[in-house]
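Overview (structure and organization)
Each chain, letter by letter, is given below.
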Amino acid sequence: MRTIGIADTTFARYDMGGAAIDELKRSGTGLKIVRYTVPGVKDLPVACKKLFDEKACDIVIALGMPGGKQIDKTCAHEASTGLIQCQLASGKHIIEVFVHEDEANDEKTLAWLADRRAREHALNAYNLLFRPDVLVKNAGKGMRQGYEDVGALRE
Amino acid sequence: MRTIGIADTTFARYDMGGAAIDELKRSGTGLKIVRYTVPGVKDLPVACKKLFDEKACDIVIALGMPGGKQIDKTCAHEASTGLIQCQLASGKHIIEVFVHEDEANDEKTLAWLADRRAREHALNAYNLLFRPDVLVKNAGKGMRQGYEDVGALRE
Amino acid sequence: MRTIGIADTTFARYDMGGAAIDELKRSGTGLKIVRYTVPGVKDLPVACKKLFDEKACDIVIALGMPGGKQIDKTCAHEASTGLIQCQLASGKHIIEVFVHEDEANDEKTLAWLADRRAREHALNAYNLLFRPDVLVKNAGKGMRQGYEDVGALRE
Amino acid sequence: MRTIGIADTTFARYDMGGAAIDELKRSGTGLKIVRYTVPGVKDLPVACKKLFDEKACDIVIALGMPGGKQIDKTCAHEASTGLIQCQLASGKHIIEVFVHEDEANDEKTLAWLADRRAREHALNAYNLLFRPDVLVKNAGKGMRQGYEDVGALRE
Amino acid sequence: MRTIGIADTTFARYDMGGAAIDELKRSGTGLKIVRYTVPGVKDLPVACKKLFDEKACDIVIALGMPGGKQIDKTCAHEASTGLIQCQLASGKHIIEVFVHEDEANDEKTLAWLADRRAREHALNAYNLLFRPDVLVKNAGKGMRQGYEDVGALRE
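Quick look at the structure, then. (Residues numbered from 1 in each chain as written. Chains lettered and ligands numbered in written order. Predicted model: local features only at pLDDT ≥ 70, side-chain atom pairs only at ≥ 80, totals over all residues. Heavy atoms only, no water.)

1. Considering the overall build of chain A
- Secondary structure summary: chain A contains 5 helices and 4 strands in total.
- Taking the principal axes of its C-alpha atoms as reference, chain A extends roughly 45 × 40 × 25 Å.
- For chain A, with 155 residues in total, the buried portion stands at 63%.
- Considering only contacts in chain A between residues 6 or more positions apart, those separated by 24 or more positions represent 72%.
- As presented, chain A carries roughly 6000 Å² of accessible surface, and 48% of it is formed by carbon and sulfur atoms.
- Across chain A, 22 positive and 22 negative side-chain charges occur, with their mean positions spaced 4 Å apart. (Helix = DSSP H or I, 4+ residues; strand = E, 2+ residues; numbered from the N terminus. Buried < 20%, exposed > 50% of the residue type's maximum accessible area, 1.4 Å probe, protein only. Contact = heavy atoms within 4.5 Å. Areas by Shrake-Rupley, 256 points an atom, 1.4 Å probe, with all protein chains shown as cover. Lys, Arg positive; Asp, Glu negative; His and termini not counted. Charge placed at Lys NZ, Arg CZ, Asp CG, Glu CD.)

2. Notes on the relation of the copies chain C and chain A
- Structural alignment of chain C on chain A gives an RMSD of 0.0 Å, achieved by rotating through 72° and translating 0.0 Å along the axis. On this basis, the relationship between the two copies can be described by a five-fold rotation axis. (Least-squares fit on C-alpha atoms with pLDDT ≥ 70 in both.)

3. Re the pattern of salt bridges
All names here are of chain A.
- For the coordinates displayed, the defined rule picks out 95 salt bridges over all chains.
- With a shortest N-O distance of 3.3 Å, Glu54 and Lys50 are connected by a salt bridge.
- With a relative accessible area of 51%, Glu54 lands in the exposed category.
- Residues joined in a network through salt bridges with shared partners are Asp22, Glu23, Arg26, Asp115 and Arg119. (Salt bridge = Lys/Arg side-chain N within 4 Å of Asp/Glu carboxyl O.)

4. Topic: the relation of the copies chain B and chain A
- Note on the identical chains: chain B maps onto chain A by a rotation of 72° and an axial translation of 0.0 Å, with an RMSD of 0.0 Å.
- A distinct binding surface is used by each copy, with only 6% of the interface residues of chain B retained as interface residues in chain A.

5. Focus: the interface of chain B and chain A
- Opposite the 32 residues of chain B that make contact, chain A presents 35 residues.
- Counting each side, the surface lost to burial between chain B and chain A is near 2800 Å², with a carbon and sulfur contribution of 62%.
- Where chain B touches chain A, the interface holds 2 salt bridges.
- Salt-bridge contacts for A:Glu107 lead to B:Arg154; the nearest nitrogen and oxygen are separated by 3.3 Å.
- At the level of elements, helix H3 (70-90), strand S4 (94-98), helix H4 (107-130) and helix H5 (132-137) of chain B are the ones that each hand at least two residues to the side of chain B that touches chain A.
- With 7 residues, H3(B) is the largest single contributor of residues to the side of chain B that touches chain A.
- Taken together, the residues of the side of chain B that touches chain A sort by class into 12 nonpolar, 14 polar and 6 charged. (Buried area = accessible area lost by both parts, 1.4 Å probe. Nonpolar A, V, L, I, M, F, W, Y, C, P; charged D, E, K, R; others polar.)

6. Brief notes about the environment of E:Glu78
- Relative to the elements of secondary structure, E:Glu78 occurs in helix H3 (residues 70-90).
- Look at E:Glu78 and you get buried, because its relative accessible area is 4%.
- Between the C-alpha atoms of E:Glu78 and E:Leu110, which are 32 residues apart in sequence, the distance is 23 Å.
- Ignoring anything within four residues of it in the chain, the contact list for E:Glu78 reads C:His77, C:Ser80, C:Thr81, C:Ile84 and E:Lys42.
- Polar contacts involving the side chain of E:Glu78 include one to the side chain of E:Lys42, which spans 3.1 Å. (Polar contact = N/O pair within 3.5 Å; in protein donor to acceptor, adjacent residues only side chain to side chain.)

7. Some details on the layout of surface pockets
- In this structure, the second largest pocket occupies an estimated 720 Å³ of space.
- Contributing to the lining of the second largest pocket are 22 residues, with A:Gln85, B:Gln85, C:Gln85, D:Gln85 and E:Gln85 lying nearest its centre. (1 Å grid on protein atoms, 1.4 Å probe; cavity = no way out; pocket = protein on both sides within 12 Å on 5 of 7 lines; lining within 4 Å. Points joined across faces, edges and corners; volume = space filled by probe spheres on them.)

8. Some points on the sheet that holds strand S2 (residues 31-38) of chain D
All names here are of chain D.
- Judged by pairing direction, the sheet is parallel, and its 4 strands sit side by side in the order S2-S1-S3-S4 without closing on themselves. In this open sheet, the two edge strands, each paired with only one partner strand, are S2 and strand S4 (94-98). Mean inter-strand twist for the sheet, computed between neighbouring axes without regard to direction, equals 15°.
- Two elements, strand S1 (residues 2-9) and strand S3 (residues 59-64), share 4 bridges in a ladder whose sense is parallel. Its bridge partner lying in S3, Ala7 is registered against Ala62.
- Taken strand by strand, helix H2 (residues 44-53) contacts S1, S2, S3 and S4, and its axis lies near 160° from that of S1.
- Relative to the sheet, helix H4 (residues 107-130) contacts S1, S2, S3 and S4, its axis offset from that of S4 by approximately 170°. (Pairing = 2+ DSSP bridges. Axes fitted to C-alpha atoms, helices over the stretch in contact; angles between N-to-C directions.)

9. Considering the interface of chain C and chain A
- Each side of the interface is counted separately: chain C has 35 residues, and chain A has 32 residues.
- Of the roughly 2700 Å² buried at the junction of chain C and chain A (both faces included), carbon and sulfur atoms supply 62%.
- Counting across the chain C and chain A interface gives 2 salt bridges.
- For C:Lys42, the salt bridge is made with A:Glu96, and the minimal N-O distance between the two is 2.8 Å.
- Where chain C meets chain A, there are 14 residue pairs in polar contact (both at pLDDT 80 or more).
- Of all the secondary-structure elements, those providing two or more residues to the side of chain C that touches chain A are strand S1 (2-9), strand S2 (31-38), helix H2 (44-53), helix H3 (70-90) and helix H4 (107-130) of chain C.
- Looking at which element gives the most residues to the side of chain C that touches chain A, the answer is H3(C), with 8 residues.

Below, the structure written as structure tokens:
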């Protein structure tokens, strides 16, 4: 039995954590899910740390939706840096799923993007844990999460 | 009995630490508050470290009011990065409550914002410690601290 | 027998990991290669950590292809910072091989660049491990990987 | 007996370390001062580390005068980041006293600023060590070091 | 007998490591020099780590020549950040000697600058190790490495 942590925020404007959990449940059995919600993306690094240390998670999916202003970009950068430090300290993956508010022009598209990216990255987390060979097969294939894959370069 | 640390600065132009303490006292019993004041936001990371290590705090609220110039933005970024590192080293939350001097056009509004954000984040700290389920219920709901919540995306 | 790790991504649009492996196989015997593929460049630091800790790699080549937008530049910066931290924690080299999507004007040139840079850096990794004197001989010689060497300054 | 470290640079154009030492000597007895001078601000983090580890300092004042160009701003940012990391690793305060060369229009004013900021931050260090209650009393009061205090917001 | 490490790159367009070694040999006896060459500046932090851990160096001089483009500035920033982290982890100095390709208008001047800065910083390393009092005497004196000293402020 492996344990997957879901760390998400009350700042986000879409239930990305819920979408990831739903996708994981469709992906297979033999996994336990632990959810932990914090105020904003800068609280995610220590949330992941707690999920690793206190809840014995084998991998964590960290989901957030930074705003579109410069200060929000800075917050997202600080959060990402912390997520990488947390991974190095624990030796385990955190799949970061951030959707920036300026990635879509209307709320409906943004919600669609948040849902799809959360689900596709949930599959990445699942594959890293149970089927790492799937990722090796797709190395260099221009995969994207959310919008369409761009594919390999045309040589 | 849980202990909440309050780390604030003499640089700030509003007693944000005092507001947070007042709000915590209204929130419930069974908690001890320890306050530590430092010159500026860049002194906050080690202040939090001391509150965790020397005062056995279970969570810390770090409050500051960076100025509006570019150098102040850089200082705030350095402080935030340090606060995240401190959290990862201690495995405990630091709720960062920063109000940037250019977030309001006049001093009265800025004081109001500083007070309200300090209080709303004090509640976040309280909930993380005593009622984490409240945060899970609000995941993806577009919560904000200070100005109005923006709410979930309209799909 | 020394072990070289190959960490690459499904985000990249060229099989840079495959090119590096091919080049290493041409370079000499007495080495074992372990490949690990992750979604994107921000997943590379912990992938390298795992290659050092779980696969006993002596050196790792980390390959990725960041996009051309500002957010991609930020991701690449975060990844690079994490790769350096991982090296300091393990005391072993990670040869970072990043090709930015805006380094060439068409897909064919970009694929050529990705292939050549991966191969030339594979040689750097090989030399660091087996023939460090080759690097000392080329100190200050203006070597480049991918496009042509610029050479030493004309005095 | 408490020990205060003074870390300063040969790059600075004013003897800020000397000013801090002079102010500390006026502030009270019962303290020992250890001075360590390095080339530039990027050498200050490890200088502070050495003052903590090899000279048993209880607090360090780190003084520097970054230039006015973009590269100097970057150096100052790197130094500040390192000073915060050093504080977190040691659990002790480093009071950073940086005067940027573009903070004044003429050399005389810049020298005055460097002297005054060094002295006022020396007092901060003294108070953190011996009279932390003085800082708590001034929380949220808009204190500045060098130029005039801006004071609390007018509500 | 003290050991000084020289970490340099094949990316640089001038043999800065050679210049530093030559200067050290003129400075005095009683020191051993160990040289380690890596591809680029981002490989320098772990090179220094190895020089401290595997070669027992007491101090390291890290020399590099970042290019003039924005991506090169970012690489230099990442390298510098890593060099500071390495120093904090080892408690020993790394004297960073970077010459940016846009610091001079022609190749001859750039070579002159690289040579002189390498030599002057080699002296700084020598003094930190053997004559720290020389640095204290020059505190606040506006010393520069490469171009002329700017001197103390005129009050």
